[in-house]
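# Structural characterization, general
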2 protein chains.
Amino acid sequence: MTGEWVRRGGTPAAPSKGRLRPLGLKEVTLRPGFWHQRQQVNADKSLDHIEHWLTASGWLGNFDHAVNRQGREFSDSEIYKYLEALAWANDPALEDRFQAVVAKVAAAQDPDGYLNTNFGRPGQAPRYSDLEWGHELYCFGHLIQAGVARARAHGHDELVRVAIRAADHVCDIFGPGGIEAVCGHAEIEPALAELYRVTGNRRYLEQARLFIERRGHQVLGDIEFGRAYFQDDVPIRDATSLRGHAVRATYLASGAVDVAVETGDDELLDAVAGQWAHAVARRTYLTGGMGSRHQDEAFGEDWMLSPDRSYSETCAGVGSIMLAWRLLLARGESRYADLIERTLFNVIAASPADDGQRFFYTNTLHQRVPGAEPPAGQLVPRAASSLRAPWFAVSCCPTNLARTFASLAGYLATRDDEGLQIHQYTAASIDTGDIALDVDTEYPADGRVTVRIVRAPQTPFTLTLRIPHWADGATLDGQPVAPGTVRVRRRFTAGESVTLDLAVRPRLTFPDSRIDGVRGTAAVERGPVVYCLESVDLADVDFESVHLDPASALSDRDGAVVVSGRAVTPADGVWPYRQRDHSTGAAVEIPLHPYHRWARRGPSTMRVWIPTTD
Amino acid sequence: MTGEWVRRGGTPAAPSKGRLRPLGLKEVTLRPGFWHQRQQVNADKSLDHIEHWLTASGWLGNFDHAVNRQGREFSDSEIYKYLEALAWANDPALEDRFQAVVAKVAAAQDPDGYLNTNFGRPGQAPRYSDLEWGHELYCFGHLIQAGVARARAHGHDELVRVAIRAADHVCDIFGPGGIEAVCGHAEIEPALAELYRVTGNRRYLEQARLFIERRGHQVLGDIEFGRAYFQDDVPIRDATSLRGHAVRATYLASGAVDVAVETGDDELLDAVAGQWAHAVARRTYLTGGMGSRHQDEAFGEDWMLSPDRSYSETCAGVGSIMLAWRLLLARGESRYADLIERTLFNVIAASPADDGQRFFYTNTLHQRVPGAEPPAGQLVPRAASSLRAPWFAVSCCPTNLARTFASLAGYLATRDDEGLQIHQYTAASIDTGDIALDVDTEYPADGRVTVRIVRAPQTPFTLTLRIPHWADGATLDGQPVAPGTVRVRRRFTAGESVTLDLAVRPRLTFPDSRIDGVRGTAAVERGPVVYCLESVDLADVDFESVHLDPASALSDRDGAVVVSGRAVTPADGVWPYRQRDHSTGAAVEIPLHPYHRWARRGPSTMRVWIPTTD
């Protein structure tokens, strides 16, 4: 099976069962457009930048036993995510660099397969002495994911052997009769399930299943944040929502879907799908961002989605895409692709600077004070900086983005026995052998998507196109189509086209009245893109005064969406709670730009949700 | 000067200059009423409870060099705050217990005056090796405050000598030519200024001044939370608002007022008063609570006052009262007493359980999920528990409340050359020698306050009464009086009365439109008391559905305030952001109770700010 994947370029998740089958990275080629440009910046700029920082920070040097260890307890994982990115990029020009890093990693592996630069060496804490916070299995998970990527994209070589030795070690130590615990940060679970898919060795799947089932029975110690932080509060089959640390939650749920699909455990799959649906309906930002709480980078309770201090960690966006993609493959429902689209355009696209060398760690929906640009070349201790920073003390997001951009083509389309499904719209060429087609579009700037058949079988097949949930008024070849999916089944011939018009135009969106943090506001969206207001666009108007008229017409103007409203500033007082005052204010025009472009023109205040006039 | 204070019972802050002069704890006696009851519970129940936990936790045992140290780096300070509470209580029945604890503390002091159970012993980090987080000077500060309390309330004895040795040590080490730094947690500053007031030794005042001036010049290392966390970002003369960790901020500002007053530094006093005014106008909850952020227990930016995850630490309430009281003494303006009143009724009164043995650490304004009652006798690792807990891993609040309740009488009234000022209303007897009077009132249940003259001089004096800022419609002896203060100057005679009617009745309060977190809501207040809605009072109505009609009449009913409104529940969807829907709902009656009584009838959801109907 791996040889087949190597031919097709590999793919980030390869279930053996499910409604839809992923395509390989050689089967989908991004062409110039929104995502191609970002993938190129990742390849041309971010990978170099990351290796520079991994070296300068000493985190790569940690693999040399002789040095004093640098960085946090999970820094090994950044090297592994970087290797995963290189593996997906699978660029011969990067091969020497890849092998040099692999050699360092391989040399640090103990004879029994253990590998972690933070435990077990002289002067360090013993192996597995801090499962709550030590991140050892988490690091193994990312090592294994890198090995899986390499095996699928390139074939079995040294990194894959290192990963397999690590996985065997984990099964030896944590398998039946071994340590009856889990890691404080899920990640080993999807990694082992994926390694099973690569190797066919069921021991890895069984170990993943064991970790999934063990968690939730208070096998870890209590911590200040509570056991929900690492999902050890409630067994996964009993939980009703994603909860706790958002990255941990989405990684764990991803592993659970992998295990459920491979073992045919529909009860488990239903449980995770239900938790996802609950979290999307009540615990997710308009941007698709997940995680409301700074303190513990965690989901809030239902409706706790204040833009103030919204966290929406970039890595939680990555985890959310991992999870929704797996659910999409398993169940084929367009809502999973809807959330992936939203997250891609409003979290993943928002994080990196245009130069691919600075990143948002968090993606707030409301910036009250303009941030200060981090000094060039300086590691930033604070994740929640309001401008993109080159590197962080906890620098999980740059490498997570790198592996996501490098494998992005894998998320565009799928196959099933009936035909081919397109989930995300961007200029691309898709060639799956019997079916080949080109997608032409300026999306999301424009809603027209033309799918041109390049090669088609002699027999009919079904071309399925996603109609995003916001796309009221969409048409396919001029015929109205409703949100969800549209299926075109016929015998296609090379050269013919299908044209989808997604009615991309600005619209006002209002929040559920139970989301207290945004009561009395509206947001502007345009297609899949969330817009925001930045103070740099309001030279003569007090930013805090802007109120949008919910009856206003919305218009496109020079890349902005313009709405009308009023500037209402209450009188300043000694105490901000008083009798009701009905203020009117001067009429203002409010120009909004795509949220993913915010803070690219220097320090600014910003808000996604704009107060509305009465 | 100390001997005079001993005669008068001591007082929590005793500036040598300023508009108003504090009274001693023997000059003001609480009589049965709202605060007397709470002071009695503190004396009868909380002090025992605290000593039990200090012993059980091992924190008191830390003073014995032989044991393995228990608790966090600042646990010594809890013993000192307990000693301060005992000193203010000044109860002969507690004297043996007080002396036993003092003996332990004194025995642990090194010959050079250093005293901290967490540093400098074999196997511990060296003294002053972690000024950012070590809390050594913070602990000294509370030791000195305990010594000051003892000196003023009882006279110079062993604890005072220990405190003076500690202060001399601090001056030796951190004075001119010594370590040019400050402590990561302010507290030594007001303590040294107060010790100067007790001893007359200017060295302590000068050292307090030095600490105040040094801070803000980046003398501490950068930390994840940023240097604003410990107010080392900007010199205090240049800052525009209270900021960073709310307890640190209010303690530092208190010390700055002490130094400014004693050195005649009006520029410094103006700076702190301006920061206070800014924080009160833009960074303070309706309850008077300060600190919006869980992550770093810190003030948010302007208007960042979401009830979701509002923090409002009990200790920040204590710090706010310390600061406002000092500003009131310095400047005599009623707005400082207004905030003290608000904080007393809605933070300080909210924290302890009726039995005085469980406490809120944080005081949220919105509880979305009913909390779980902490197991009896169990230390709670999480400060933000939604039910009162007996003790916390960080247990600063119980001892801070204890010293506040024990010295509460000190905050009721003051003298100046013209006469006597009453700032807080509760049943009490005040006897300052030439002037003695009784205050009779059921406040805050009822707004009538009768001041009966018991003894008066032959010459006229001015009786000044505060009219709270909310008290529209107040009358004095039937004549309308406006919020602020009312001054009655005449020759009073024993037996005559002055009657103030404060028009305590329920009212709706609306937030400044710039506070995003509460847009489209209103709160109910009654006199100085903030009300809240608890789910236990809404048996048949979905808590999240309740909307208040802003035109509703408010009525008192059985201790509750009842308003009318509607139960509006949006349809559940897969995504909570959509086109506008205009929902109506069934009429409901909404009963609200005093916020300080919330969660006393078992687990409940709760909100202070109620969404309003359109």
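All values reported here derive from a predicted model rather than from experimental measurement.

### Things to note about the packing of aromatic side chains
Counted according to the given criterion, the structure contains 50 aromatic pairs over all chains. With 6.0 Å between their ring centres and 70 degrees between their planes, Phe345(A) and Tyr443(A) make a pair best called edge-to-face. Taken as a pair, Phe345(A) in helix 12 (residues 334–348) and Tyr443(A) in the loop between strand 9 (436–441) and strand 10 (448–455) lie far apart in primary sequence, 98 residues in all. Assessed through its relative accessible area of 2%, Phe345(A) is described here as buried. Residue class for Tyr443(A) comes out buried when judged on its relative accessible area of 2%. Taking the centre distance of 5.3 Å and the plane angle of 50 degrees together, the rings of Trp35(B) and Phe345(B) count as tilted. You can see Trp35(B) sitting in helix 2 (residues 34–56) and its partner Phe345(B) sitting in helix 12 (residues 334–348), a full 310 residues away along the chain. Ring pairing ties together the aromatic residues Phe34(A), Trp35(A), Phe345(A), Phe405(A), Tyr425(A) and Tyr443(A), which thus form one cluster. Cation over ring: Arg8(A) sits above Trp5(A), and NZ or CZ is 4.2 Å from the ring centre. Positioned above the aromatic ring of Phe34(A), the side-chain terminus of Arg38(A) is 3.6 Å from the ring centre.

### Focus on the side chain of Asn116(A)
Residues and elements named next belong to chain A. Following the sequence through the fold, Asn 116 ends up in the loop between helix 4 (95–107) and helix 5 (136–153). For Asn 116, the side chain forms a polar contact with the main-chain nitrogen of Asn 118, separated by 2.8 Å. The residues contacting Asn 116, other than those within four sequence positions of it, are Asp 76, Arg 121, His 135, Glu 136 and Cys 139.

### Concerning the sheet that holds strand 15 (residues 497–501) of chain A
Strand order in the open sheet formed by 7 strands is 2-8-9-10-15-12-13 (chain A), with antiparallel pairing between adjacent strands. Of all the strands in the sheet, just strand 2 (28–30) and strand 13 (479–480) of chain A have a single pairing partner and so form its edges.

### Topic: the relation of the copies chain B and chain A
Of the transformation placing chain B onto chain A, the axial shift is 0.0 Å and the rotation is 180 degrees, giving an RMSD of 0.0 Å. Those values place the two copies in the arrangement expected of a two-fold rotation axis. Residue Gln295(B), judged by its C-alpha, is the member of chain B lying nearest the rotation axis, at 2.0 Å. Of the residues that chain B buries at the interface, 100% are likewise interface residues in chain A, meaning the two copies contact each other through the same surface.

### Some details on the domain arrangement of chain A
All names here are of chain A. Here chain A is described as being made up of domain 1 (32–410), domain 2 (413–501) and domain 3 (509–611). Centre-to-centre separation of domain 1 and domain 3, based on C-alpha positions: 35 Å. Facing 31 residues of domain 1, the contacting portion of domain 3 comprises 26 residues. Buried surface at the junction of domain 1 and domain 3, both sides included, amounts to about 2,500 Å², of which 59% is carbon and sulfur. Viewed at the interface, domain 3 and domain 1 are joined by 3 salt bridges. Arg 600 serves as the salt-bridge partner of Asp 354, at 2.8 Å between the closest nitrogen and oxygen. Of all the secondary-structure elements, those providing two or more residues to the side of domain 1 that touches domain 3 are helix 2 (34–56), helix 12 and strand 3 (366–367). When residues in the side of domain 1 that touches domain 3 are grouped by element, the largest group, 4 residues, is from helix 12. Here the residues of the side of domain 1 that touches domain 3 are counted per class, giving 15 nonpolar, 9 polar and 7 charged.

Rules used in this analysis
- Residues numbered from 1 in each chain as written.
- Chains lettered and ligands numbered in written order.
- Predicted model: local features only at pLDDT ≥ 70, side-chain atom pairs only at ≥ 80, totals over all residues.
- Heavy atoms only, no water.
- Phe/Tyr/Trp six-rings, centres within 6.5 Å; stacked < 30°, edge-to-face > 60°.
- Helix = DSSP H or I, 4+ residues; strand = E, 2+ residues; numbered from the N terminus.
- Buried < 20%, exposed > 50% of the residue type's maximum accessible area, 1.4 Å probe, protein only.
- Lys NZ or Arg CZ within 6 Å of the ring centre and 35° of its normal.
- Polar contact = N/O pair within 3.5 Å; in protein donor to acceptor, adjacent residues only side chain to side chain.
- Contact = heavy atoms within 4.5 Å.
- Pairing = 2+ DSSP bridges.
- Least-squares fit on C-alpha atoms with pLDDT ≥ 70 in both.
- Domains from an automatic or database assignment.
- Buried area = accessible area lost by both parts, 1.4 Å probe.
- Salt bridge = Lys/Arg side-chain N within 4 Å of Asp/Glu carboxyl O.
- Nonpolar A, V, L, I, M, F, W, Y, C, P; charged D, E, K, R; others polar.

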